[in-house]
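Survey of secondary and tertiary structure
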Amino acid sequence: MRYVFVIILGIHALIHLIGFVSAFFSIEISNQLLGISKPMGLLWLITFILFIITASQFLDNKKWFYIAFITVLLSQILIIITWRDAKYGTIVNSIILLVSLSAFGNHRFEDMVERETKNLLVNNKDLNTRLITQEDINELPEIVQLWLKKSGVLGTESISSVRLEQQGLMRIKPNGKWMPFEATQCFNTLNPSFVWSTKVNAMPIISMVGRDKLVNGEGEMLIKLAGLIPIVNENENNKINSGAMLRYLAETCWFPQATINDYLKWEAINSTSAKATLTINKESVSGIFKFNIEGELISFEANRYYGGEENSKLEKWLIETLSFKVFDGIKIPKKSKVTWKLEDGDFNWLTIEVMDLKYNVLHVY
């Protein structure tokens, strides 16, 4: 669809070039486009050039939408002047304007996420790291100790931040359409918090963007269509707070070095599972980590609110590991499957894959 939009821009540009030609050269089409003087013909030429520049900046992923707004405005003025012959160009301008507004909305959304992520990491600069030793994990359940050893944590540096990139598939209802997405997430592991942002290809050209956040024990969830229209905007909600904290707890599987921090408490359940409790500002959530006998993490489960509405109930939330990979020297779950265990059946709503991961990286992108 990206190249379809470029083709639309190119064809629309060429039509404006015809307006210039009809004003300066004597050809048959000049009889069809009436009332175009030579000064007006220059404006048609300028619009042609602006559409070409717009297409070029679009392909280069630059801030093309600013020039697109100006170009569409100029184009529509010319179309109104020659309405009888050019009125159908309004349809094309409407398409270009819609895509431009979406791109502008996405740009503003990305700026917001960047600011929030910088604030997340602002106090982590120039922090001293140390090597994690056996002494650091002696008080943990044996299966958790085995997990940390098998993951390669011992002898590595302690961490204060994590940055990772993800991709996967999601859907919003049990029989819904699977939608591909890409996401970026940054964690502060000293003060347990994160900012997660995603772009979901919900429909051709127009995308859906989302941001989940946990800061100081408070969660926020924001989803916008085309970067402009809010679909979900949840904050100052205890159920959302609890869900965001559970998400952080589950996602420590990607940075097991942080499981030795004081905000996490561990309790052995049996030889292959342990209960972890995360506490932030005197609020706590708990979940169960399950391992195989080799010490590999195979699942995480917890009771989590299924939504943030008043009538939302606690449901079992299950994350299962599908594959592993070593990132930055640490073996972690690479691909996972997330399922709600509901009364009327399992709802597998997400599969997620870690594509890249770095520890102690303090820049946003």
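This part covers the overall build of the protein chain. The number of helices and strands found in the protein chain is 8 helices and 13 strands. The C-alpha atoms of the protein chain give 27 Å as radius of gyration, which overshoots the globular expectation for 365 residues (21 Å, by more than 25%). Based on the C-alpha atoms only, the size of the protein chain along its principal axes is roughly 90 × 50 × 35 Å. Burial status across the protein chain gives 49% buried among its 365 residues. Considering only contacts within the protein chain whose residues lie at least 6 apart along the sequence, 54% involve residues at least 24 apart.

This paragraph deals with the side chain of Ser312. By the element assignment, Ser312 lies in the loop between strand E10 (297-305) and strand E11 (314-327). In terms of polar contacts, Ser312 uses its side chain to reach the backbone carbonyl oxygen of Gly307, at 3.4 Å. At 2.9 Å, the side chain of Ser312 and the side chain of Glu309 are in polar contact. Not counting the four nearest positions on each side in its chain, Ser312 is found in contact with Lys239, Tyr305, Tyr306 and Gly307.

Here we take up the packing of aromatic side chains. For any pair of aromatic rings, the description consists of the separation of the ring centres together with the inter-plane angle of the planes. Inspection of the entire model under this criterion finds 21 aromatic pairs. On the numbers, 4.6 Å between centres and 50° between planes, the contact of Phe187 with Phe255 is tilted. Of this pair, Phe187 sits in strand E2 (residues 179-188) while Phe255 is found in the loop between helix H8 (238-251) and strand E7 (264-270), placing the two residues 68 residues apart along the sequence. When sorted by exposure, Phe187 lands in the same class as Phe255, which is buried. Aromatic side chains Tyr248 and Tyr263 sit 6.1 Å apart centroid to centroid with 70° between the ring planes, which places their arrangement in the edge-to-face category.

Calculation rules
Residues numbered from 1 in each chain as written. Predicted model: local features only at pLDDT ≥ 70, side-chain atom pairs only at ≥ 80, totals over all residues. Heavy atoms only, no water. Helix = DSSP H or I, 4+ residues; strand = E, 2+ residues; numbered from the N terminus. Rg over C-alpha atoms; globule rule 2.2 N^0.38 Å. Buried < 20%, exposed > 50% of the residue type's maximum accessible area, 1.4 Å probe, protein only. Contact = heavy atoms within 4.5 Å. Polar contact = N/O pair within 3.5 Å; in protein donor to acceptor, adjacent residues only side chain to side chain. Phe/Tyr/Trp six-rings, centres within 6.5 Å; stacked < 30°, edge-to-face > 60°.

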